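Commentary on secondary and tertiary structure
Below are the chains, spelled out letter by letter.
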Amino acid sequence: MNQDEIKKAAKILRDSRLNLALTGAGISVESGIPDFRSPRGLWERYNPAEYGTIWAFRDDAAKVWKMIREMSELVDRAQPNPAHLGLAQLQHLGLLHTIITQNIDSLHQKAGATRVIEYHGSSRTLSCLTCGARYNAEAKKEDLPPRCACTEILKPDVVFFGEAIPLEALRESQLLASSCTALLVIGTSAEVAPANTIPRTAKLAGAHVIEINVQPTALTSSFTDIFLQGKASSMMIGLVEEMQSLLGGP
Ligand code: NAD
């Protein structure tokens, strides 16, 4: 772990007027939910390009539900790890305004985060694409595929490839990205648009960009100011400890 870089990042976050975090699938890997890019598990059997598009869902929703159900079982079992907890702690200390997450696993909320923008929706609710009825996912847990009262197969309220980002999430994220003074990017390959425009917007507006990832991404050599290479949990533990010591507390 590069302690000097962590110290630098902690100082930036302490002195910044408005801190924002952008998280991706990598932050939840240590909670047992695989990301898209790493070669293992779920996504070796279910190619996201094949199963993760709205066209695939419209074409054969029952087939796509086999993948969704496996993913939901992982999500239901998953608990927040120190990276989720560290971000929630920063929010409680008043050092992090909002977390924009691309994840649909609700782990930031489970960790106690107070302001979270779910950029790609969440798996907590299901909607009917035909009549618009909405259901709590928990209530339909036993059904595969879950169906609406009108008999149509329900779709989780997550953004599939080919679908638009929920308008409010898009608008609010854009606004925060262009007004934040530091952006902490954790565990995203930054390959999925338009979420990957957030670091660019922040940087062009003058924000410091701090990136945590196990490996360099397209951001690292373009918009990132400080790259903390390593697992999200150990980097966040180091960063929160450093910020606490800068603030003079435990
Ligand atoms: P991605 O799969 O494209 O990239 C994940 C990134 O995390 C990679 O750069 C990888 O190097 C990094 N990473 C892996 N393990 C890490 C760790 N322990 N610590 C730090 N970094 C780590 O994910 P993405 O950029 O979020 O984009 C993929 C899309 O997949 C998103 O839209 C997201 O909604 C969706 N997705 C969500 C979940 C979830 O909700 N947990 C899981 C899989 C995919």
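The notes below deal with the structure included here. Predicted model only: the values in this text are computed from it and were never measured.

1. A few points about the overall build of the chain
- The helix and strand inventory of the chain stands at 10 helices and nine strands.
- Relative to the compact-globule value of 18 Å for 250 residues, the chain shows a C-alpha radius of gyration of 18 Å, a close match.
- For the chain, the spread of C-alpha atoms along the three principal axes comes to 60 × 30 × 30 Å.
- Counting over 250 residues, the chain shows a buried share of 52%.
- Across the chain, contacts joining residues at least 24 apart in sequence account for 66% of those joining residues at least 6 apart.
- Of the roughly 11,700 Å² that the chain leaves accessible, carbon and sulfur atoms contribute 52%.

2. Side note on the sheet that holds strand β6 (residues 155–158)
- With antiparallel pairing, the three strands of this open sheet are ordered in space as β5-β4-β6. Both outer strands of the open sheet, β5 (134–136) and β6, are each paired with one neighbouring strand and no more. Strand-to-strand, the axes of this sheet are offset by a mean angle of 50°, without reference to chain direction.
- Strand direction decides the pairing type here: strand β4 (residues 121–127) and β6, joined by three bridges, are antiparallel.

3. Points about helix α10 (residues 232–247)
- For α10, spanning 16 residues, the distance from its first C-alpha to its last is 22 Å, which sits close to the expected 22 Å at 1.5 Å a residue.
- Every buried residue of α10 is accounted for by A232, S233, M235, M236, G238, L239, V240, E242, M243 and Q244.
- In this structure, the buried residues of α10 make contact with α1 (3–15), α6 (82–92), β7 (182–186), β8 (208–213) and β9 (226–229).
- The first or second residue beyond α10 is G248, which carries a positive phi of 80°.

4. Section: the state of the cysteines
- Inspection of the entire model under this criterion finds zero disulfides.
- Unpaired in this structure, C131 has its nearest cysteine sulfur neighbour in C148, at a distance of 3.5 Å.

5. Considering the site of the ligand
- Taken together, the neighbourhood of the ligand is formed by 28 residues, with R37, Q102, H120, T188 and S189 sitting nearest.
- A distance of 2.3 Å separates an oxygen atom of the ligand from a polar backbone atom of Q102.
- Within the contact set of the ligand, an oxygen atom lies 2.7 Å away from a side-chain nitrogen or oxygen of H120.
- Looking at the shell around the ligand residue by residue, the class counts come to 11 nonpolar, 12 polar and five charged.
- Each of two domains, domain 1 (1–33 + 79–120 + 165–250) and domain 2 (36–77 + 123–158), supplies a minimum of three residues to the shell around the ligand.

6. Overview of the packing of α1 against α10
- Interhelical geometry of α1 versus α10 gives an angle of 60° and a closest axis separation of 9 Å. Viewed along their axes, α1 and α10 adopt a mutual orientation that is oblique. The two elements α1 and α10 meet at a crossing, and its hand is right-handed. Side by side, α1 and α10 meet where Q3, I6, K7, A9, A10, K11, L13 and R14 of the first sit next to M235, G238, L239, E242, M243, L246 and L247 of the second.
- When its residues are assigned to classes, the contact of α1 with α10 shows nine nonpolar, two polar and four charged.

The rules we used
Every chain's residues receive numbers from 1 upward, in the order its sequence appears when written. Per-residue local features of the predicted model are confined to residues with pLDDT of at least 70, and side-chain atom pairs are confined, for both listing and counting, to 80 or more; whole-chain, interface and lining totals are unaffected and use all residues. To get the side-chain values, all heavy atoms of the structure are used, and hydrogens and water are removed first. Runs of H or I in DSSP of at least four residues are treated as helices and runs of E of at least two as strands, each being numbered from the N terminus. For the radius of gyration, the atoms used are the C-alpha atoms, and the globule rule reads 2.2 Å times the number of residues raised to 0.38. For the exposure calls, accessible area comes from a 1.4 Å probe over protein chains only, and a residue counts as buried if that area is under 20% of its type's maximum, exposed if over 50%, partly exposed in between. The contact rule is simple, with two residues in contact once any of their heavy atoms fall within 4.5 Å. To be clear on the numbers: accessible area is Shrake-Rupley with a 1.4 Å probe, and residue cover counts the displayed protein chains and nothing else. Two strands are counted as paired when DSSP detects at least two bridges linking them. Helix axes use the C-alpha atoms of the stretch in contact, all axes being lines fitted to C-alpha atoms, and the angles between their N-to-C directions lie in the range 0 to 180 degrees. What a helix should span is 1.5 Å times the count of its residues minus one. We call a pair of cysteine sulfur atoms a disulfide whenever their separation is within 2.5 Å. Any residue with a non-hydrogen atom lying within 4 Å of a molecule or strand is treated as near it. For this analysis, a polar contact is any N or O atom pair within 3.5 Å, provided that within protein one partner can donate a hydrogen and the other can accept it, and provided that sequence-adjacent residues contribute only side-chain to side-chain pairs. Each residue is assigned to one of three groups, with Ala, Val, Leu, Ile, Met, Phe, Trp, Tyr, Cys and Pro labelled nonpolar, Asp, Glu, Lys and Arg labelled charged, and all others, Gly among them, labelled polar. In this document the domain limits rely on a domain assignment from an automatic tool or a database. Here the word oblique covers every angle except those under 35 degrees (roughly parallel), over 145 (roughly antiparallel) and from 65 to 115 (roughly perpendicular). Should the near helix be turned anticlockwise from the far one by less than a right angle, the crossing is left-handed, and should it be turned clockwise, the crossing is right-handed.

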